[in-house]
Amino acid sequence: MGDSRVIERPSGRETDRHRRGQWLLFAGFVVLAALITLLAYLAWRQQAQAMTEQAERSLNAVAQLKATRIAAWAEERRGDAELMSHDALLSAAIGDLLAGRDAAASAGRIRSSLAQIQRSYRYVDVILVAPGGRPLIRVPASATHPLGPEVRGMIAEAETTGEVVSSDIYLAIDGVARLELVAPVLAQRPGDPPVASVVLHADPKRFLYPFIQDWPLPSDSGETLLVERRGDRVVYLNELRHRKGTALKLSAPASEESLPAAMAARGRSGIVEGEDYRGVPVMAAIAPVPATDWFVVAKVDTSEVLDPIRRRGWMTAGFTLLVVALGAVGSLLLWRLRERQVDAELVASEQTFRYVFDSALLGMSMTSPDGEVHANAAFCSMLGYSTSEIAHKRWQDLTPPEDVSEIQTQLDPLLEGVADSARFLKRYVRKDGGQIWTDVSTRLRRDAEGRPLYFLTAVLDITQRKRAEDELRAGEAKFREVVESLEEGYYSVTVDGVLLDHNPAYCRVLGMDGHTDLRGQRTPDFWWREDDRGIYVRRLQEEGRVRDYLVDAKRIDGARLAVLLNAHAVRGDDGAIERVEGTVLDFTARKAAEDEVVRLNAELEQRVADRTAELDGANKELEAFAYSVSHDLRAPLRHISGFSTLLADRTTKGLDEKSLHYVDVITRSVNEMGVLIDDLLQFSRTGRAELNIEPVDMDVVIQEALAPLRHEMASRELDWSIEPVPQANADRALIRQVWANLLSNAVKYTRPATPTRIKVSARETDGVVVYSVADNGVGFDMQYAHKLFGVFQRLHDASEFEGTGIGLANVHRIVTRLHGRVWAEGELGKGATFSFSLPAAQETK
Amino acid sequence: VSNPSHLPEILLAEDNPNDVELTLEALAAHNLANRVTVARDGVEAVEYLRRAGAFAGREGGDPAVLLLDIKMPRMDGIEVLREIRGDPTLSRLPVVILTSSKEEQDIITAYDLGVNAYVVKPVDFESFMRAVESLGVFWALINERPPRTRAD
């Protein structure tokens, strides 16, 4: 398998999601299309209804209008007749005519009256009929047609009743539709029979029919019918639009169900639907004509009403279809686009996954459910295998056998579908047999049907970290051990005073059993004085620590004890104090001892002061003594010297040689004693002189000390070896005396030696300089070395080497006062070396 | 007290007669001995200079020099020196301390008080003679005396 292994397209979930998206898109489209259709239908429905209503309103209006106007026309005609019936002049004229009085004039008047009416109201003809039915006057004269039976009947009725009689529109025998009114011309005397009747003959064609036919709105099929029920039939009174020559000739059974005219005859009014005389579906409005038996039926073909609605419907449907089709095309395009995008994403995702997997620094593997491992480079190198070596290995082969079952229990929940992922620590066996600790995160991938595909696992090598943790743990254990065994109490406490940690000694210091566990509790009441607590807290806040704070504390039994506190504040990342760690040491015993030491010291100091005062007194006495010696002893010596000399001078001639010798001895003795006294005074002064300790340049001092010896040096053969020497802390004047003494001694005690060698040297060790003056002179016997530095102690005869025996005592006293030491080494006849030590000066040469 | 007829030029304040004799012996070599007046202690020396006490109405002016021992009864040399330097009429008087004391404190004090010289008497008589002779010759004969500060 190896690298050629095809990574499963992460089909399952993502493809599902993809498909669901497509379905959603499709469903959305369908719903939208349905919605659009529904809306279009509703819109069309509403429009259809509106248009229908519009048509109905139009029909109604037409029907009502025509009915009203037909009624008005009929009324007017009746009015004409009524007018004539009650025309007194006409009646008188007719009476005159009939009576034969002035017949020609009367006839003329009647004729003109009738002609006026005929012309004015556009009657076809007006005929005056004498009682009994004889036509008297015809206007126009051309109207010669005989009176029909219908007219005769009407005349008879009118004469009888004295009321205007109106005919229906009827079809006369000549085949012409006519409407006739008979007005009885009433006699001038009430109660008399009418003098004559006037027959008014109106032609429906002239006025009524055109009026009826007239359709006020543009319409292809609009038609108005004037119908009347006659018996069980309904008669069409007017000419029809769609069939000529039908007036009064067409009739239909009144029971005809779907015929609007029949419906009118049956008393219906308003809007009806049915089929007209042609058998064509129509919509009609029926209106009765007032004061007549007539009905107006205004109708249009249903098709004319419905056609635009249908047209609109088709248009709407077409438009809707267009919109839906466009939507469909759009959705399809979108779908396709998404499809491609998803494909591209899938490819990219696969590539990314492949890249991440191969090049991740983190160890990664894909492991089949039965354990076969496909590892990336990082994982391989972690285990020390090459990519090819690790192929076909199972994770169980790479795991310490004793761990396998436990790891399997970690993986089971994933395989069972209980968990999505798992994380655990796991050991792996490297190719070289070594083991590493890893932190493992794994996730089980499944295919679209939910079958396990492989575990995708990330493996982090934490061997180092684990080792560090183990070491840390061991270090902590060691720290614990040390802390537990401390004699000092250890505590770690929060700023609120809650103990985080402490050791047994802490409890013991506070007077509790060492096994008490105070962690999580507040620190016991500890401070003897509240002020001390304030100081402790302030130092921690300001300096971050408290050092060797000796303070009184309280045990839990109330006893007072002295403790030595050391503590430091531990700050968090934000700089605020998080906790305080410190130690507390029971110092009571030690403090008592210390107090005793202080007391003893004070006592000792007092004793020293007392003794010093005593010594000062003694020194004062000694000083006074020395002063007296200086003054009082020297005077007599001087006198002895002076007067013996004067005596010798006075008796120069008489004094023999022996006497002169005695005077000479006296004088020399006196001089010696003078020197002795001077030396003693010098010795006394070096003990009392105030010290001025400073770094002294010894090279210079040595040269100064050598100056008084020049005289003797000039007369002898001296081999000097004077090395440069370091500086020392000393009193310059006093140390010069030391050098003068040692150097003059060296010169003095080497007189017998030839050649004479004197060496001055020094060496510095640990802040101490040791100066030496070595000579090859007479030396001394080491068994008497201890006497060298005593006052008046001499190892040589004064006659051999002059001196008072005070010089080295003085050297010893000075060096001792300067915190040094002086010693001598020598051998009789071989020479001597005198050495002294001094504190080295701060700055060395 | 010797009282020569002519003006004394050296006043020697010295309580020890041996020292007086030896000093005079040394001065005699240059004929200066008869110009010496000796005061036996500090009080006498001061009274002499101020013409007070036993010396009231004495004749003559101030000495050319005062040779002053330190250790004397009643008033020691240091006190005498302090008196003289504190007295406007005597403050310019040449004073030489001639003493056995080599004590450092004495030397410092004397110089601080304005002594003109400090000489330690050598024990050896030869040296003593030379020292005193030199002093006498220098102060009595060579040195120019300060102007008198007081009319006779």
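Residues numbered from 1 in each chain as written. Chains lettered and ligands numbered in written order. Predicted model: local features only at pLDDT ≥ 70, side-chain atom pairs only at ≥ 80, totals over all residues. Heavy atoms only, no water.

So, about the overall build of chain A. A tally of regular secondary structure across chain A gives 19 helices and 28 strands. Per-residue burial for chain A yields a buried fraction of 41% across its 845 residues. Taking all contacts inside chain A whose residues are at least 6 apart in sequence as the whole, residues at least 24 apart take part in 55%. In the structure as shown, chain A presents an accessible area of about 46,100 Å², 54% of it carried by carbon and sulfur atoms. (Helix = DSSP H or I, 4+ residues; strand = E, 2+ residues; numbered from the N terminus. Buried < 20%, exposed > 50% of the residue type's maximum accessible area, 1.4 Å probe, protein only. Contact = heavy atoms within 4.5 Å. Areas by Shrake-Rupley, 256 points an atom, 1.4 Å probe, with all protein chains shown as cover.)

Before going further, it helps to spend a moment on the interface of chain A and chain B. Each partner contributes residues to the interface: chain A has 21 residues there, and chain B has 23 residues. Regarding the contact of chain A and chain B, the summed buried area is about 2,000 Å², with carbon and sulfur atoms giving 55% of it. Where chain A meets chain B, there are 9 residue pairs in polar contact (both at pLDDT 80 or more). Put simply, the parts of the chain that give the side of chain A that touches chain B at least two residues each are α14 (588-650) and α15 (657-688) of chain A. The element best represented in the side of chain A that touches chain B is α14 of chain A, accounting for 14 residues. (Buried area = accessible area lost by both parts, 1.4 Å probe. Polar contact = N/O pair within 3.5 Å; in protein donor to acceptor, adjacent residues only side chain to side chain.)

This paragraph deals with the packing of helix α18 (residues 732-748) of chain A against helix α19 (residues 807-817) of chain A. All names here are of chain A. Orientation of α18 relative to α19, taken along the N-to-C sense of each, is 145°, at an axis distance of 9 Å. As for how α18 packs across α19, the hand of that crossing is left-handed. Contacts from Leu734, Ile735, Gln737, Val738, Asn741, Leu742 and Asn745 of α18 reach α19 at Gly807, Leu808, Asn810, Val811, Ile814 and Val815. The class makeup of the residues in the contact of α18 with α19 is 8 nonpolar, 5 polar and no charged. (Axes fitted to C-alpha atoms, helices over the stretch in contact; angles between N-to-C directions. Left-handed = near helix turned anticlockwise from the far one by under 90°. Nonpolar A, V, L, I, M, F, W, Y, C, P; charged D, E, K, R; others polar.)

Take the packing of helix α1 (residues 17-28) of chain B against helix α5 (residues 125-142) of chain B next. Residue and element names in this part refer to chain B. Contact geometry of α1 with α5 gives a least axis separation of 8 Å together with a crossing angle of 65°. Of the two possible hands of crossing, α1 and α5 adopt the one that is right-handed. From α1, Leu22, Thr23, Ala26 and Leu27 reach across to α5, where they touch Phe125, Phe128, Met129, Val132, Glu133 and Gly136. Broken down by class, the residue content of the contact of α1 with α5 amounts to 7 nonpolar, 2 polar and 1 charged.

This next bit is on the packing of aromatic side chains. Taken as a whole and assessed by the stated rule, the structure comprises 16 aromatic pairs over all chains. Judged by centre distance (6.0 Å) and plane angle (35°), the rings of tyrosine 41 of chain A and tryptophan 44 of chain A are tilted. Within this pair, tyrosine 41 of chain A and its partner tryptophan 44 of chain A are both found in helix α1 (residues 11-85), separated by 3 residues, close to a single helical turn. Both rings, one in tryptophan 527 of chain A and one in tyrosine 536 of chain A, keep their centres 5.0 Å apart while their planes meet at 50°; by these two values the pair is tilted. Look at tyrosine 536 of chain A and you get buried, because its relative accessible area is 9%. Feature note: the residues Phe526, Trp527 and Tyr536 of chain A constitute an aromatic cluster, connected by ring pairs. One Lys or Arg, arginine 539 of chain A, reaches over the ring of tyrosine 549 of chain A and ends 4.7 Å from the middle of that ring. Here the guanidinium or amino end of arginine 58 of chain B rests over the ring plane of tyrosine 48 of chain B, the centre of that ring lying 3.8 Å away. (Phe/Tyr/Trp six-rings, centres within 6.5 Å; stacked < 30°, edge-to-face > 60°. Lys NZ or Arg CZ within 6 Å of the ring centre and 35° of its normal.)

Turning next to the environment of arginine 109 of chain A. Assignment of secondary structure puts arginine 109 of chain A in helix α3 (residues 103-121). Along the chain, arginine 109 of chain A and leucine 89 of chain A lie 20 residues apart, while their C-alpha atoms are 9.1 Å from each other.

Bringing α19 of chain A into the picture now. Along α19 of chain A, the positions that sit buried rather than exposed are Leu808, Ala809, Asn810, Val811, Ile814 and Val815 of chain A. Buried residues along α19 of chain A sit in contact with α15, α18, β27 (821-827) and β28 (831-839) of chain A.

Tallied over the full model, the rule gives 47 salt bridges over all chains. Arginine 579 of chain A is the partner of glutamate 581 of chain A in a salt bridge, and the nearest nitrogen-oxygen pair spans 3.0 Å. With a relative accessible area of 25%, arginine 579 of chain A lands in the partly exposed category. Aspartate 41 of chain B is the partner of arginine 74 of chain B in a salt bridge, and the nearest nitrogen-oxygen pair spans 2.8 Å. Here the residue arginine 74 of chain B occupies a position in the loop between β3 (65-68) and α3 (77-86), and aspartate 41 of chain B occupies one in the loop between β2 (36-39) and α2 (42-50), the gap between them amounting to 33 residues. (Salt bridge = Lys/Arg side-chain N within 4 Å of Asp/Glu carboxyl O.)

Take the sheet that holds strand β14 (residues 421-429) of chain A next. Residues and elements named next belong to chain A. Reading across the sheet, the 5 strands line up as β13-β12-β16-β15-β14 and stay open at both edges, with antiparallel pairing between neighbours. Each edge of the open sheet is held by one strand with a lone partner, namely β13 (373-375) and β14. Across the sheet, the axes of successive neighbouring strands diverge by a mean angle of 30°, strand direction being ignored. When strand β15 (residues 435-446) meets strand β16 (residues 452-461), the two strands line up antiparallel, connected through 9 bridges. By the bridge assignment, threonine 438 is partnered in β16 with aspartate 461. Set on the sheet, helix α10 (residues 401-415) makes contact with β14, β15 and β16; between it and β14 the angle comes to about 160°. (Pairing = 2+ DSSP bridges.)

Attention shifts here to the side chain of glutamate 223 of chain A. Residue and element names in this part refer to chain A. The topology assignment puts glutamate 223 in strand β6 (residues 223-230). Look at glutamate 223 and you get buried, because its relative accessible area is 1%. A polar contact of 2.7 Å, which involves the side chain of glutamate 223, links it to the side chain of tyrosine 277. In this structure glutamate 223 touches Trp215, Leu240, Arg241, His242, Tyr277, Val297, Ala298 and Lys299, once residues within four positions along its chain are discounted.

Our next topic: the sheet that holds strand β4 (residues 177-185) of chain A. Residues and elements named next belong to chain A. Taken together, the 5 strands give an open sheet; going across it, the order is β2-β1-β5-β4-β3, and neighbouring strands pair in antiparallel fashion. Each end of this open sheet is capped by a strand with a single partner; those strands are β2 (134-139) and β3 (165-171). The sheet shows a mean angle of 20° between the axes of neighbouring strands, taken without regard to direction. With 5 bridges joining them, β3 and β4 adopt antiparallel strand pairing. In the strand pairing of β4, valine 165 is matched with valine 182. Here helix α2 (residues 88-99) sits on the sheet and contacts β1 (125-130), β2, β4 and β5 (196-202); the angle it forms with β4, its principal contact strand, is near 80°. Against the sheet, α3 engages β1, β2 and β5, with an angle of about 60° to β2.

All right, on to a negative patch on the surface then. Together, Asp649 of chain A together with Glu21, Glu25 and Glu126 of chain B make up a region of like negative charge exposed at the surface. Relative to the helices and strands, glutamate 25 of chain B resides in helix α1. Residue classification places glutamate 25 of chain B among the partly exposed positions, given a relative accessible area of 36%. (Patch = residues over 30% accessible without salt bridge, like charges linked within 9 Å, V, L, I, M, F, W, Y side chains within 5 Å. Lys, Arg positive; Asp, Glu negative; His and termini not counted. Charge placed at Lys NZ, Arg CZ, Asp CG, Glu CD.)

Note that alanine 360 of chain A resides in the loop between α7 (302-359) and β12 (363-367). Apart from the residues within four sequence positions on either side, alanine 360 of chain A is in contact with Tyr355, Asn376 and Ala378 of chain A.

Mean pLDDT over chain A: 83, with 96% of residues reaching 70 or higher. Residue range residues 1-12 of chain A is modelled with pLDDT below 50. Its contacts to residues more than four positions away, or to other chains, number 20 contacts. (pLDDT = per-residue confidence, 0-100.)

All names here are of chain A. Checked against the element boundaries, serine 835 lands in strand β28. For serine 835, a relative accessible area of 3% corresponds to the buried category. A polar contact is formed between the side chain of serine 835 and the side chain of serine 772, at a distance of 3.0 Å. With near-sequence residues (within four places) excluded, serine 835 lies in contact with Val770, Tyr771, Ser772, Arg821, Val822 and Trp823.

Below, the discussion takes up the pairing of strand β25 (residues 756-765) of chain A. Residue and element names in this part refer to chain A. Where strand β23 (residues 718-722) lies against β25, 5 bridges are found, and the strand directions are parallel. By the bridge assignment, tryptophan 720 is partnered in β25 with isoleucine 758. Where β25 lies against strand β26 (residues 768-775), 8 bridges are found, and the strand directions are antiparallel. Bridge assignment links threonine 765 to a residue of β26, and that residue is valine 768. What sits between β25 and β26 in their antiparallel hairpin is a turn of 2 residues, with aspartate 766 showing a positive phi close to 50°.

All names here are of chain B. Model confidence for chain B is summarised by a mean pLDDT of 85, while 91% of its residues fall at 70 or above. For the stretch residues 1-6, pLDDT sits under 50, and the model shows 9 contacts to residues farther than four places along the chain or on other chains. Here the prediction assigns the complex a pTM of 0.37, and the interface score ipTM is 0.77.

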